[in-house]
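As a plain string of letters, each chain reads:
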Amino acid sequence: MRIAVTGSIATDHLMVFPGRFEEQLLASQLDHVSLSFLVDSLDIRHGGVGANIAYGLARLGHRPLLVGSVGQDFAAHHAHLASLGVDMAAVRVSPALHTARFICTTDASGNQLASFYAGAMAESSAIDLADVLSEGGTGIDFVHIGADDPAAMSRHTRACRTLGLPFAADPSQQLARLDGRTIRELVSDAALLFTNAYERALLLDKTGWQERDVLDRVGTWITTRGAKGSIVERRGEPAVEVEAVPTTEAVDPTGVGDAFRAGYLSATGDGHDPVGAARTGSALATLALRNVGPQTYEPDPALIEEALTAAYGPEAAALTPGAPR
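Residues numbered from 1 in each chain as written. Predicted model: local features only at pLDDT ≥ 70, side-chain atom pairs only at ≥ 80, totals over all residues. Heavy atoms only, no water.

Our focus in this paragraph is the overall build of the protein chain. Scanning the protein chain from terminus to terminus reveals 10 helices and 13 strands. Here the C-alpha atoms of the protein chain give a radius of gyration of 19 Å, agreeing with the 20 Å that 2.2 N^0.38 yields for 325 residues. Expressed along its principal axes, the backbone C-alpha trace of the protein chain runs to roughly 55 × 50 × 45 Å. The 325 residues of the protein chain split such that 52% are buried. Nonlocal contacts in the protein chain, meaning residues at least 24 apart in sequence, comprise 68% of its contacts between residues at least 6 apart. Here the protein chain has roughly 14400 Å² of accessible surface; of this, 51% comes from carbon and sulfur atoms. Each charge sign in the protein chain was given a centre, from 25 positive and 39 negative side chains, and these centres are 5 Å apart. (Helix = DSSP H or I, 4+ residues; strand = E, 2+ residues; numbered from the N terminus. Rg over C-alpha atoms; globule rule 2.2 N^0.38 Å. Buried < 20%, exposed > 50% of the residue type's maximum accessible area, 1.4 Å probe, protein only. Contact = heavy atoms within 4.5 Å. Areas by Shrake-Rupley, 256 points an atom, 1.4 Å probe, with all protein chains shown as cover. Lys, Arg positive; Asp, Glu negative; His and termini not counted. Charge placed at Lys NZ, Arg CZ, Asp CG, Glu CD.)

Next comes the structure, spelled out in structure tokens:
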């Protein structure tokens, strides 16, 4: 299965605060917060949800087509992804705007405070997915629609429906900005829906839907829950809880959810069922958690097999990308 990945492409500025945010917040002063955190480190890394997922898929042996908008400062990141096997033909370069910036501080409890500057991502809606696929994206079997400029997300979703292409809806961080009507449009008819636990609640609140209403409109709904693992739901079937792959080396949570998605999509493309795909996603997420930055982990098959068998038993070794079936 060849996958097109749409979504943000960004530079991540990652900082670590040795204390805890909650200890700096005074309940009586929340109406006029003014805080400054002295951080211990700064790492500047390649990022963006679209690029992160494409990175993971490429490292697992796929050749994903990345679709998004960047600035002229993107050359090094372009070369990095292309060298790994990501198809960069559908990446649009803005003549005026910088590549998007994600600026994030993580505290000692793993909580994060972040800001996102859209930059060139704001021009993603100029990309016509139908044109992209007709001009150079032939052979695409599935489209992942990740967090991006809202107009671009809607346009890509409509294109998938018009073309009859199955797609994953993954609005993630953009749920906070989107209204209920737009969310309903993005989710309806999706083969896969990805949310984390908070996004799940936000989606239900903004759409006015109940959980059964969502399951009536999507093929499979995957909800990630951090160290608690994930939940896989399909209409008419009992929900299945998939345990996380544990680790004692939690270094940086940035991009862990994107790694999960890459693992899930890779396993789906390899023909595994949703539970098996969630297990593969969990293994890749744990590898990402052990590294600083979302595009630095090395998904060595031996490490993935070790993680899968330790968490789920020897039969899970068959989920390792490239394993004989």
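Attention now goes to helix 9 (residues 274-289). For helix 9, which comprises 16 residues, the first-to-last C-alpha distance of 22 Å matches the rise-based estimate of 22 Å (1.5 Å per residue) to within 8%. Counting buried residues in helix 9 gives 14 out of 16 residues, a clear majority hidden from the surface. (Expected span 1.5 Å × (residues − 1).)

Within a sheet, each strand pairs with its neighbour through backbone hydrogen bonds, oriented either parallel or antiparallel. Read across the sheet, four strands follow the order 3-2-6-7 without closing on themselves; strand pairing throughout is mixed. Sheet topology places strand 3 (41-47) and strand 7 (112-117) at the edges, where each strand pairs with a single neighbour. Neighbour-to-neighbour, the strand axes of the sheet open up by a mean angle of 15°, direction not taken into account. In the sheet, strand 2 (residues 10-16) pairs with strand 6 (residues 100-106) via seven bridges, with the strands oriented parallel. Its bridge partner lying in strand 6, Leu14 is registered against Cys104. (Pairing = 2+ DSSP bridges. Axes fitted to C-alpha atoms, helices over the stretch in contact; angles between N-to-C directions.)

Overall, the coordinates contain 12 salt bridges when judged by the stated rule. As a salt-bridge pair, Asp73 and Arg101 come within 3.2 Å of each other at their nearest N and O atoms. Pair noted here: Asp73 is in the loop between strand 4 (65-70) and helix 2 (75-84) and Arg101 is in strand 6, with a separation of 28 residues, a long-range link. For Asp73, a relative accessible area of 37% corresponds to the partly exposed category. Classification of Arg101 by relative accessible area gives partly exposed; the value is 23%. Where Arg158 meets Glu185, a salt bridge forms, and the shortest distance between an N and an O atom there is 3.1 Å. Of this pair, Arg158 sits in helix 4 (residues 150-163) while Glu185 sits in helix 5 (residues 180-187), placing them 27 residues apart in sequence. Ionic contacts of the salt-bridge type, sharing partners, join the residues Arg200, Glu211 and Glu233 into one network. (Salt bridge = Lys/Arg side-chain N within 4 Å of Asp/Glu carboxyl O.)

Turning our attention to the packing of helix 5 against helix 6 (residues 197-207). Relative orientation of the contacting elements helix 5 and helix 6 amounts to 115°, with a least axis distance of 8 Å. Regarding helix 5 and helix 6, the two cross each other, and that crossing is left-handed. Contact with helix 5, carried on its side by Gly180, Ile183, Arg184 and Val187, involves Leu203, Lys206 and Thr207 of helix 6 and no other residues of that element. Among the residues forming the contact of helix 5 with helix 6, the class breakdown is three nonpolar, two polar and two charged. (Left-handed = near helix turned anticlockwise from the far one by under 90°. Nonpolar A, V, L, I, M, F, W, Y, C, P; charged D, E, K, R; others polar.)

All right, on to the nonpolar core then. Side chains of a nonpolar character, in soluble globular proteins, are inclined to be buried together. Within the largest apolar cluster, 47 residues are counted, with the highest numbers of intra-cluster contacts made by Leu66, Leu81, Leu192, Phe194, Tyr264, Leu265 and Leu284. Contributing elements (two or more residues each) for this core: strand 1 (3-6), helix 1 (49-59), strand 4, strand 5 (87-93), strand 10 (192-196), helix 8 (256-269), helix 9 and helix 10 (301-312). With eight residues, the single largest contributor to this core is helix 9. In this view, Leu66 contacts Val5, Ile9, Gly50, Ala51, Ala54, Leu81, Val86, Asp87, Met88, Ala90 and Val91; residues no more than four positions away in its chain are not counted. Ranked by size, the runner-up nonpolar core spans 32 residues in total, among them Ile127, Ile140, Ala159 and Leu215. (Core = buried A, V, L, I, M, F, W, Y, C linked by side-chain atoms within 4.5 Å.)

If you trace the backbone, Ser188 turns up in the loop between helix 5 and strand 10. Under the relative-accessibility criterion, Ser188 is labelled buried at 17%. A distance of 2.8 Å separates the side chain of Ser188 from the backbone oxygen of Arg184, its partner in a polar contact. (Polar contact = N/O pair within 3.5 Å; in protein donor to acceptor, adjacent residues only side chain to side chain.)

Quick look at the packing of helix 1 against helix 2 now. In contact at an axis separation of 9 Å, helix 1 and helix 2 are set at 30° when each is read in the N-to-C sense. As the angle between them shows, helix 1 and helix 2 are arranged roughly parallel. Seen from helix 1, the contacting residues are Ala51, Tyr55, Ala58 and Arg59; seen from helix 2, they are His77, His80, Leu81 and Leu84. Its residues assigned to classes, the contact of helix 1 with helix 2 comprises five nonpolar, two polar and one charged. (Parallel < 35°, antiparallel > 145°, perpendicular 65-115°, else oblique.)

A few words on a nonpolar patch on the surface. Taken together, the side chains of Leu25, Leu30, Val33 and Leu35 make up a nonpolar region of the molecular surface, amounting to roughly 350 Å² of accessible area. Relative to the helices and strands, Leu30 is located in the loop between strand 2 and strand 3. (Patch = residues over 30% accessible without salt bridge, like charges linked within 9 Å, V, L, I, M, F, W, Y side chains within 5 Å.)

Spatially, nine strands are ordered 5-4-1-8-9-10-11-12-13 in an open sheet, and the strand pairing comes out mixed. Each edge of the open sheet is held by one strand with a lone partner, namely strand 5 and strand 13 (240-242). Sheet twist, expressed as the average angle between the axes of neighbouring strands with direction ignored, equals 20°. With four bridges connecting them, strand 11 (residues 220-224) and strand 12 (residues 230-233) associate as antiparallel partners. By the bridge assignment, Ile222 is partnered in strand 12 with Val232. Running over the sheet, helix 9 touches strand 11, strand 12 and strand 13 and is turned about 20° from strand 13.

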